[in-house]
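Fold and geometry: a report
Here is what each chain is made of, one letter per residue.
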Amino acid sequence: MAEAAAIQGTTPSPARRWLRRMASLAVAAPLLAGLLQGLPAPAAQAAESAGGNNGVDVSVDTLTPNAPVEGDTLTITGTVTNETKQSVTNATVDLRVGPRMTSRSEIDDVADRDGVRYGSDPAPLGGPYTVKIPQLGAGLSRDFTLSVPVSKLGLDDAGVYQLGVSLSGQTAGQPYERLLGIERTFLPYQPDEAEKKTKLTYLWPLISTSHVSAETGANLQQTPVFENDDLAADLAPGGRLHEMVSLGKDLPVTWVIDPDLLAGVTAMTEPYMVKSGATEVPGRNQDVAERWLDALEKAVQGHKVVALPFADPDLASLAHHGKEVPGSLSHLQQASALTSTTVETILHVKPSTDFAWPVDGAVDASIMAVATSAGAHNVIARSDSFRDDLSYTPTAARPVGGGTTAVVSDAGLSKAFQGDLIRADNSTLAVQSFLAQSLATTLELPEKQRSVVVAPQRMPTIAQAQSMATALQALGAKRWTEPEDLPAAAAETPDPDASTRIPSSRSYPKKLRAQELDTKAFLKMKDTRDELDDFRVILTAPDRVVPPFTNAISREMSTSWRGEAPSAALYREEVLRYLQSLTEEVQLIKKSDLTLSGRSATIPVTVQNRLLQGVDHLVLRLQSGNKNRVKLDGEGTADQPVKINGGHSQSVKFNASANANGPVTMTAQLYTEDGTPYGAPMTFTVKVSEITPTVMLVLAGGVLLLVLAGIRMYSQRKRAAARNAEAEAADEAADDAEAEAETGSAAADTAGETRVGSAETEPDDGPETAQPSDPTPDTGPESGDPSGTGEKVDR
């Protein structure tokens, strides 16, 4: 009779049979209790009913079609593995179809079940729809295939049904048939189109980690330097980003793109360098980058593209730690300003740029404020942050005030494809769960159409992306959902009963807060920005330097650093170190001590520019440590403007005047025109050794007195000799000698007066503008070594 009933199609459905059996068990339970007390096998089963597989693992590798309709044949393939130390005999692989589930929470409850639970699972379908395994040795596996016409599944009405694949058998230790393992999944059944389909928005994120450094080549093309060549592996066939584009081009999705990824790939299409230890090597993946960009440009045609701020800044970190650091919010504004032009230039589509996406859609008031500070009007949140006390899933769009809309994605659907989905059974379970939840959402309120947004993880793995694509392809029949793009979802009429209250900061997940960039990170970014601001004002071609560092600072705030604190700190340090190395290319050449002899002289100070571009708007200030000894232009300090071509040096001269002998410390310092010190100061010593006019007059007077005394002594001796030799003509000789002596004395007096006048009227050497020994004002490249010892300054 049972066989005849099966042939005629009058066999009760599995769901009904399951209900009848449960009712019978309820009635018979008091009677059976006494009978079963002494039997060992049921006692063993009762002990095992606490959960966990009884030694056999069942996996469901494929299930097709994912959402069957009347007339289809459901085919399931999988594997059973005996994880015990004894053989399983007389085993049977069965299909179990449960009653229709009425809510999403019931689906969650079934998904949380693990292992064998007696009385909670439906009865096996039985009949010809089983696979017999006479013996399954210890540690061995066996593949199976079950094929069942949908008409035999007893699916009465549209809805989500529990679907189980189980293995029953016996072992030598327990020689009676019992349930040894089961795998549970779901079967969405919607044979006809729903009257009110759910509008489903699925975000397809194209985001990567930061790969480009702040460094560029010292050539006119400014060849970019990459931290590594990992991006090329992602772009190549079989890589993550390649799969995202290949899968996404045929799916009804909204592309969510980080412009930094596009900029990085575009840079790879030209010559680029890759860091390799302490050196750099040429990158060789231009063709890979070109093919990927070409494929992406074709894939996004006809789709909506949402562009995030450049480098996908971590809005929560900025809100919780960065906004108190001056200038941090300006980084977000700069990142937002790059968004549209980058995407339009590379992909030739106009993106939507008024969306912000905090990590995992977790928000609070400060995150909402920061997210909208740079022009975003829509913030992608998630329902486990914006909580509702409703029996159904409301429309995603919610106005939260100030012209801002919170687009609240569905947490269950958004997290459906997280975890390790490399194994086929994990992927199949994730796909079936997603489809079941989406159908249950439609059936929660079948008379009202709603708009639901799905925001998956930012960087899905290849296996996760493939599972996502499988689920979206299964929805392609549009029996209970229809696709909608993100801008349209944000413009939907909000549900009046949905919560619009922004969560408090206390509700922000601790796990996410622990991964944020801290205040020290934003202070390091400020140091880099301040250094860049001081540097840019002296450059004649700042566009060669400023954009690479501005982009690097944006990358320092990237969401991709979450969970990578050491790598993030190293990247920030390398950016600042490289910037400082560039600023040090403009420097003062160290001087050794020098000697200043004379009342006045010129003191040269050399400024060297080893950059490839010129510098301007610099001022060199020289300061005397003792202006009573050495003055500069009559004061204690003197300033000279500095302008030097790239790869050149300039000797800047200062007029100095000495008033007293002794050493004087001189300090040279470069400044920008607004008075900000540039670089480190340089000190040297000037030794003053000067013979003044007063000293010269004293020396000349002493010499003159000596000359006069010598002449008088000579005259006296000559007169005495003449008196002794010519005693006879003493009177006449004396007269003659006296006259001759007077004549000699007058001549000597005249000669002495002439020398004194010459010393007093000797011209004084004043400052000279150029002398043969002065270095040229602007020279070619020269050594940055200090000047030689014992340097003397020309008068």
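I will try to describe carefully the structure that is included in this document. What you are looking at is a predicted structure, and each value in this text was computed from that prediction instead of being measured. (Residues numbered from 1 in each chain as written. Predicted model: local features only at pLDDT ≥ 70, side-chain atom pairs only at ≥ 80, totals over all residues. Heavy atoms only, no water.)

With respect to the overall build of the protein chain
Across its full length, the protein chain carries 22 helices and 31 strands. In the protein chain, which comprises 795 residues, the proportion classed as buried is 47%. Long-range pairs, those at least 24 residues apart, make up 78% of the contacts in the protein chain with a sequence separation of at least 6. (Helix = DSSP H or I, 4+ residues; strand = E, 2+ residues; numbered from the N terminus. Buried < 20%, exposed > 50% of the residue type's maximum accessible area, 1.4 Å probe, protein only. Contact = heavy atoms within 4.5 Å.)

Structural notes on the side chain of Arg479
Checked against the element boundaries, Arg479 lands in the loop between helix H15 (462-474) and strand E20 (481-483). In this structure Arg479 is buried but unpaired, with Asp72 as the nearest side chain of opposite charge at 6.4 Å. A polar side-chain atom of Arg479 sits 2.7 Å from the main-chain carbonyl oxygen of Gln190. (Lys, Arg positive; Asp, Glu negative; His and termini not counted. Salt bridge = Lys/Arg side-chain N within 4 Å of Asp/Glu carboxyl O. Polar contact = N/O pair within 3.5 Å; in protein donor to acceptor, adjacent residues only side chain to side chain.)

Re the pairing of strand E18 (residues 404-409)
Most of E18 sits inside the fold, with six of its six residues counted as buried. Note: strand E16 (residues 378-382) against E18, five bridges, orientation parallel. Note that in E18 the partner of Arg382 across the bridge is Ser409. The sheet contact formed by strand E17 (residues 397-401) and E18 spans four bridges and is antiparallel. Paired with Ala397 across the bridge in E18 is Val407. Between E17 and E18, which follow one another and run antiparallel, lie two residues, and Gly402 among them has a positive phi close to 70°. (Pairing = 2+ DSSP bridges.)

Some words on the sheet that holds strand E9 (residues 212-216)
Strands sit in the order E9-E10-E12-E13 across an open sheet of four strands; the sheet is mixed. In this open sheet, the two strands that pair with only one neighbour each are E9 and strand E13 (279-282). The average angle at which neighbouring strand axes cross in this sheet is 40°, direction not considered. When strand E10 (residues 224-226) meets strand E12 (residues 273-276), the two strands line up parallel, connected through two bridges. Bridge assignment links Val225 to a residue of E12, and that residue is Met273. Contacting E9 and E12, helix H20 (residues 565-583) runs over the sheet at an angle of about 10° to E9. (Axes fitted to C-alpha atoms, helices over the stretch in contact; angles between N-to-C directions.)

Things to note about the pattern of salt bridges
Taken as a whole, this structure holds 27 salt bridges when the rule is applied. Between Lys298 and Asp294 there is a salt bridge; the shortest N-O distance is 3.3 Å. With Lys298 and Asp294 both in helix H8 (residues 286-299) and four residues apart, this pair spans about one turn of that helix. Exposure remark for Lys298: the relative accessible area of 57% places this residue in the exposed category. By relative accessible area, Asp294 is classed as partly exposed at 37%. Within this structure, Glu215, Glu227, Lys275 and Glu574 form a network of salt bridges that share partners.

Observations regarding the packing of aromatic side chains
The final tally for this structure, using the stated rule, is five aromatic pairs. Between Phe549 and Tyr578, the aromatic rings sit 5.7 Å apart at their centres with planes inclined by 25°, giving stacked as the arrangement. Of this pair, Phe549 sits in helix H19 (residues 546-556) while Tyr578 sits in helix H20, and the two are 29 residues apart along the sequence. The burial state of Phe549 is the same as that of Tyr578; both residues are buried. Three or more aromatic residues link up through ring pairs in this structure, and these residues are Tyr202, Phe417 and Phe434. For the cation-ring pair, Lys591 lies above Phe684, with the distance from its terminal atom to the ring centre recorded as 5.7 Å. (Phe/Tyr/Trp six-rings, centres within 6.5 Å; stacked < 30°, edge-to-face > 60°. Lys NZ or Arg CZ within 6 Å of the ring centre and 35° of its normal.)

Notes on the nonpolar core
By size, the foremost hydrophobic cluster in this structure holds 76 residues, and its most contacted members are Phe535, Phe549, Ile603, Val605, Leu620, Leu622 and Phe684. It is H20 that provides the largest number of residues to this core, a total of six residues. Once residues lying within four places of it in the same chain are set aside, the contact partners of Phe549 are Ala214, Leu532, Val575, Tyr578, Leu579 and Leu582. If you look at the next biggest cluster of nonpolar residues, it comprises 67 residues, including Leu235, Val265, Leu293 and Ala430. (Core = buried A, V, L, I, M, F, W, Y, C linked by side-chain atoms within 4.5 Å.)

Quick word on unusual backbone geometry
The omega torsion across Thr64 and Pro65 is -10°, close enough to zero to call that bond cis. Mapped onto the elements, Pro65 comes out in the loop between strand E1 (56-64) and strand E2 (73-82). A positive phi angle, near 60°, is found at Lys478, a position not held by glycine. Among the secondary structure elements, Lys478 is positioned in the loop between H15 and E20. Take Lys478: its relative accessible area is 40%, and that puts it in the partly exposed class. Unlike most non-glycine residues, His617 shows phi in positive territory, near 60°. With respect to the element layout, His617 can be found in strand E24 (residues 615-624). Accessibility expressed as a relative area gives 35% for His617, which makes it partly exposed.

Some remarks on the environment of Pro124
Looking at the element boundaries, Pro124 is found in the loop between helix H4 (104-112) and strand E4 (131-136). Accessibility expressed as a relative area gives 28% for Pro124, which makes it partly exposed. Along the backbone, Pro124 and Leu95 are 29 residues apart, and their C-alpha atoms lie at a distance of 5.5 Å.

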